[in-house]
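Below are the chains, spelled out letter by letter.
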Amino acid sequence: MIHVKFFASVRERVGMTEMQLPCPPGGFTVEEVLTMVEGQAGTELHDAHLLASLNQQHVPFAASVQDEDEVAFFPPVTGG
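Rules used throughout
Residues numbered from 1 in each chain as written. Predicted model: local features only at pLDDT ≥ 70, side-chain atom pairs only at ≥ 80, totals over all residues. Heavy atoms only, no water. Helix = DSSP H or I, 4+ residues; strand = E, 2+ residues; numbered from the N terminus. Contact = heavy atoms within 4.5 Å. Core = buried A, V, L, I, M, F, W, Y, C linked by side-chain atoms within 4.5 Å. Buried < 20%, exposed > 50% of the residue type's maximum accessible area, 1.4 Å probe, protein only. Pairing = 2+ DSSP bridges. Salt bridge = Lys/Arg side-chain N within 4 Å of Asp/Glu carboxyl O.

(A) Fine view of the side chain of Glu 38. Looking at the secondary structure, you find Glu 38 in helix H2 (residues 30-41). Not counting the four nearest positions on each side in its chain, Glu 38 is found in contact with Thr 43, Glu 44, Leu 45 and His 46.

As structure tokens, this is what we get:
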């Protein structure tokens with residue numbers, strides 16, 4: 001299983017803080033995980049400015065995801 005977490009406005013759009021997704025042999029990319037999340041949550045996230053992490057490290061959406069990995073989606077953080 002892939003453990004997926006959502007933070008800030010992404011959590012609000014998805015309507016949950018986390019979900020579990022089955023991992024096929026060979027794994028996924030972060031982009032494919034996002035597409036599965038959209039299908040399960042019934043919301044479009046590709047139009048949002050998102051960042052992703054894999055096992056608590058920032059990664060591009062082309063990064064490979066394997067069984068038991070943690071993927072998190074969140075908006076860019078600004079401060080002032």
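(B) Representation of the nonpolar core in the model. Val 4, Val 33, Val 37 and Phe 73 are the most contacted members of the largest nonpolar core, which totals 20 residues. Mapped onto this core, the elements with two or more residues apiece are strand E1 (2-6), helix H1 (8-14), strand E2 (18-21), H2, strand E4 (51-54) and strand E7 (70-74). With four residues, H2 is the single largest residue contributor to this core. Not counting chain neighbours up to four residues away, the residues in contact with Val 4 comprise Thr 17, Glu 18, Met 19, Leu 21, Val 33, Val 37, Val 71 and Phe 73.

(C) Local environment of the pairing of E4. Relative to E7, E4 runs antiparallel, the two sharing four bridges. Within E7, the residue paired with Ser 53 across the bridge is Ala 72. As paired strands, E4 and strand E5 (residues 57-59) are joined by three bridges and run antiparallel to one another. Within E5, the residue paired with Ser 53 across the bridge is His 58. What sits between the antiparallel neighbours E4 and E5 is a turn of two residues, in which Asn 55 has the positive phi angle 50°.

(D) Representation of the pattern of salt bridges. Scanning the model with the defined rule gives one salt bridge in all. We note a salt bridge from Lys 5 to Glu 70, for which the minimum N-O separation is 3.4 Å. Remark: Glu 70 occurs in strand E7 and Lys 5 occurs in strand E1; sequence separation between them is 65 residues. Take Lys 5: its relative accessible area is 24%, and that puts it in the partly exposed class. With relative accessibility at 17%, the residue Glu 70 sits in the buried group.

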